[in-house]
Amino acid sequence: AVVSTQSTGVVEKTQTVTPVITDGRLIYELTKSPLCAYMVTFIYKLKDLPVPKLMNNVLENFTILQHITNNETGETLLCMACMFEVSETNESQYSIYRLVGH
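Residues numbered from 1 in each chain as written. Predicted model: local features only at pLDDT ≥ 70, side-chain atom pairs only at ≥ 80, totals over all residues. Heavy atoms only, no water.

Caption draft 1: Expanded view of the confidence of the model for the protein. The share of residues in the protein with pLDDT of 70 or more is 91%, and the mean pLDDT across the chain is 82. Mean pLDDT values over the elements of the protein span from 62, in strand S1 (residues 2-5), up to 91, in strand S3 (residues 20-22). (pLDDT = per-residue confidence, 0-100. Helix = DSSP H or I, 4+ residues; strand = E, 2+ residues; numbered from the N terminus.)

Dropping the structure here:
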């Protein structure tokens, strides 16, 4: 995963995971993957901002790109971009968009 701010990669985390075959499908579990020190510090500083609007101003320039590749073949299995916004309610909110190339 690559963390970017202002269109510049600031942290890159690489991890190797072995899939488990479940019901004939390969399942890649990315659980228990700790955040890097940069992300922990970033979240603490973000939470110190007084209002959600200021937090969102920071988050406008912050993205995470997760690229999952088969090490043996080089095939891309998943490419996902995450953009964030602070909710003004206490409820989780999300939107998922699927980009299809032609």
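Caption draft 2: Just the nonpolar core, in detail. Met39, Phe42, Leu46, Met55, Leu59, Phe62 and Ile64 form the largest nonpolar core, which has seven residues in total. Those elements giving two or more residues to this core turn out to be helix H1 (37-47), helix H2 (52-59) and strand S5 (62-69). When residues of this core are assigned to their parent elements, the largest contribution, three residues, is made by H1. (Core = buried A, V, L, I, M, F, W, Y, C linked by side-chain atoms within 4.5 Å. Buried < 20%, exposed > 50% of the residue type's maximum accessible area, 1.4 Å probe, protein only.)

Caption draft 3: Molecular detail of H2. Those residues of H2 not exposed but buried are Met55, Asn56 and Leu59. Viewed along the axis of H2, the buried residues span an arc of 95°, placing them on a single side of the element. Structurally, H2 contributes buried residues whose contacts are with H1 and S5. (Arc of directions from axis to C-beta. Contact = heavy atoms within 4.5 Å.)

Caption draft 4: Fine view of the pairing of strand S6 (residues 76-83). When S5 meets S6, the two strands line up antiparallel, connected through seven bridges. Across the sheet, residue Ile64 finds its bridge partner in S6, namely Cys82. Remark: six residues form the turn of the hairpin made by S5 and S6, two consecutive strands paired antiparallel; Gly74 in that turn has positive phi of roughly 80°. (Pairing = 2+ DSSP bridges.)

Caption draft 5: Focus on the environment of Thr14. One can find Thr14 in the loop between strand S2 (8-12) and S3. Placed 54 residues apart in sequence, Thr14 and Ile68 show a C-alpha to C-alpha distance of 9.7 Å.

Caption draft 6: Main features of a nonpolar patch on the surface. Taken together, the side chains of Ile21, Leu26, Tyr28, Leu77, Leu78 and Met80 define a hydrophobic patch exposed on the protein surface, amounting to about 540 Å² of accessible area. A total of three residues in the nonpolar patch trace back to one element, the largest contributor, which is S6. Examined against the element boundaries, Leu78 turns out to sit in strand S6. For Leu78, a relative accessible area of 36% corresponds to the partly exposed category. (Patch = residues over 30% accessible without salt bridge, like charges linked within 9 Å, V, L, I, M, F, W, Y side chains within 5 Å. Areas by Shrake-Rupley, 256 points an atom, 1.4 Å probe, with all protein chains shown as cover. Salt bridge = Lys/Arg side-chain N within 4 Å of Asp/Glu carboxyl O.)

Caption draft 7: Expanded view of the packing of H1 against H2. Where H1 meets H2, the axes come as close as 9 Å, and the angle between the chain directions of the two elements is 145°. Between H1 and H2, the residues in contact are Phe42, Leu46 and Lys47 and Met55, Val58 and Leu59, respectively. Taken together, the residues that form the contact of H1 with H2 break down as five nonpolar, no polar and one charged. (Axes fitted to C-alpha atoms, helices over the stretch in contact; angles between N-to-C directions. Nonpolar A, V, L, I, M, F, W, Y, C, P; charged D, E, K, R; others polar.)

Caption draft 8: Summary view of the packing of aromatic side chains. Evaluated as defined, the whole model comprises three aromatic pairs. Both rings, one in Tyr38 and one in Phe42, keep their centres 6.3 Å apart while their planes meet at 20°; by these two values the pair is stacked. Taken as a pair, Tyr38 and Phe42 lie in helix H1 at a separation of four residues, close to a single helical turn. Phe42 sits in the buried class, given a relative accessible area of 16%. Both rings, one in Phe62 and one in Phe84, keep their centres 5.9 Å apart while their planes meet at 45°; by these two values the pair is tilted. Of this pair, Phe62 sits in strand S5 while Phe84 is found in the segment after S6, placing the two residues 22 residues apart along the sequence. The exposure class assigned to Phe84 is partly exposed, which follows from its relative accessible area of 39%. Among the aromatic residues, those joined into a cluster by ring pairs are Tyr38, Phe42, Phe62 and Phe84. (Phe/Tyr/Trp six-rings, centres within 6.5 Å; stacked < 30°, edge-to-face > 60°.)

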